[in-house]
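Fold and geometry: a report
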Amino acid sequence: MKKLFLFVLVSVFNLGIYAQKFENIALTPPMGWSSWNYFGREITEGDVRAMADAMVETGLRDAGYEYINVDDTWQFDRDAEGNILADPERFPSGMKALADYVHSKGLKFGVYSCAGVKTCVGLPGSRGYEFQDARTYASWGVDFLKYDFCYADIDGQNSYASYKLMRDALYKAGKPIVFSLCEWGTTKPWTWAKEVGHLYRTTIDITDCAECLLVTGARGWLNILDESAPIWKHNGPGHWNDPDMLEVGNGGLTPLENKSHFTMWCMLSAPLILGNDLANMDADVLKLITNKDLLAIDQDPLGQSAYRYIEDEEIDVWIKQLEGDKWAIAVLNTSEDTKDFHIPWNIYYMTRVFQEKFNAVDKYKLYNVWDKKEWGTTDDELKGTLEGRDVLLFVLSPVK
Ligand code: GLA
């Protein structure tokens, strides 16, 4: 009887029934850089090394950025045994050497693959090779895997089953890895992916504009922000809504749009995956993406996303709960024109959602993140003028 019990137990483990995602990683939104938004299909190992160097030299690593992720087009083919091979022209030293280089800089290394037979640019995907690829990534020391859904959607693959299969393969390979799902929000991953991955894309690709919709479906950060509002409750430590990589510093946004894009990603508790050329950055961009107050809002241990409690055609107001009875409030001018705003504190919708918590404290003092000064209390009305696409950001703390 005892033998039978043991046999059943061992079989259950071998079948992988207890497979799971790696726990206790990505407890705050992952921060790093990815090749796609700036380099696209042209990425080379030289560029990746240069970005790792720049991440250290600019102080980004010290500010908390840690992942250097190679997106699509590093792959080439499979060998006779089915092992995935890197492009010999653009990645001549191979992925293990690149991972070692990134690690030698005190950073972590990420790669990209796809649940379908091909990646989005048509190179070999992982379908049918999930366990083999997971073992390969583990042998290279990969710390982050972004897993796309091209061709999988065409072939009618089930998203939950496809991602769960790769999750199990990664777990079996035994090397802890952040698993980043990328099925573009099509099957509402925020409803099922908490047990599967650590972050999950919620929309079609971002592109380098504030508000636009391309024929490909790619859209601006303001469009994505709108789509993020209704799913704010689905964030938390170890499982993040991913509104896509940042376009800050890529040239298509004005300085104020860069500022608002980055601020709102921090309000959403979004993964902060930079998408610009780190070796050639404006001082203003570097200052913005290393702003300690902003990063603290993004990385707040509660892991809450912001709730949009005033939605106006021009001025939107978002509130985010922070650790220690604190709150962050962002006032965003979504229009291109200068606007006056006047916001009373006793807004019904805000008190309805956060009634008990927000009202448990009589009065808050406001700290203005931009000029690093106190800005009155919640006894005063919040009013002023905001330039087009500008954002105000306050941290509220209880007045004792
Ligand atoms: C998809 C993803 C993008 C990027 C490209 C690469 O479009 O959504 O983020 O990874 O594929 O081909």
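Residues numbered from 1 in each chain as written. Predicted model: local features only at pLDDT ≥ 70, side-chain atom pairs only at ≥ 80, totals over all residues. Heavy atoms only, no water.

To continue, consider the side chain of Ser 126. Its location among the elements puts Ser 126 in the loop between β5 (108-114) and α6 (130-140). Of note is the side chain of Ser 126, whose polar atom sits 2.7 Å from the side chain of Ser 113. Beyond its immediate stretch of four places on either side in the chain, Ser 126 contacts Arg 78, Ser 113, Cys 114, Gly 116, Asp 133, Tyr 137, Tyr 147 and Met 166. (Helix = DSSP H or I, 4+ residues; strand = E, 2+ residues; numbered from the N terminus. Polar contact = N/O pair within 3.5 Å; in protein donor to acceptor, adjacent residues only side chain to side chain. Contact = heavy atoms within 4.5 Å.)

Strand order in this open sheet of six strands is β11-β12-β13-β18-β15-β16, and the pairing throughout is antiparallel. Edge strands, defined here as strands with exactly one partner in the open sheet, are β11 (307-310) and β16 (373-377). Neighbouring strand axes in the sheet, compared pairwise and without regard to direction, differ in orientation by 30° on average. Sheet topology note: the strand β12 (residues 315-322)/strand β13 (residues 326-333) ladder contains eight bridges and is antiparallel. Bridging across to β13, Val 317 finds its partner in Val 331. (Pairing = 2+ DSSP bridges. Axes fitted to C-alpha atoms, helices over the stretch in contact; angles between N-to-C directions.)

This part covers the site of the ligand. What surrounds the ligand is a group of 13 residues, the closest being Asp 71, Asp 72, Lys 146, Asp 148 and Asp 205. Residue Trp 184 places a side-chain N or O atom 3.1 Å away from an oxygen atom belonging to the ligand. Within the side chain of Arg 201, an N or O atom sits 3.1 Å from an oxygen atom of the ligand. Burial of the ligand by the surrounding chains reaches 92%, relative to a free accessible area of 310 Å². Split into classes, the residues belonging to the shell around the ligand amount to seven nonpolar, no polar and six charged. (Near = heavy atom within 4 Å. Areas by Shrake-Rupley, 256 points an atom, 1.4 Å probe, with all protein chains shown as cover. Nonpolar A, V, L, I, M, F, W, Y, C, P; charged D, E, K, R; others polar.)

This next bit is on the environment of Gly 238. Relative to the helices and strands, Gly 238 is located in the loop between α8 (221-228) and β9 (240-242). Here the alpha-carbon distance between Gly 238 and Leu 199, two residues 39 residues apart in the chain, equals 7.6 Å. Residue contacts for Gly 238: discarding those within four places in its chain leaves Lys 21, Ile 25, Ala 26, Leu 27, Gly 197 and His 198.

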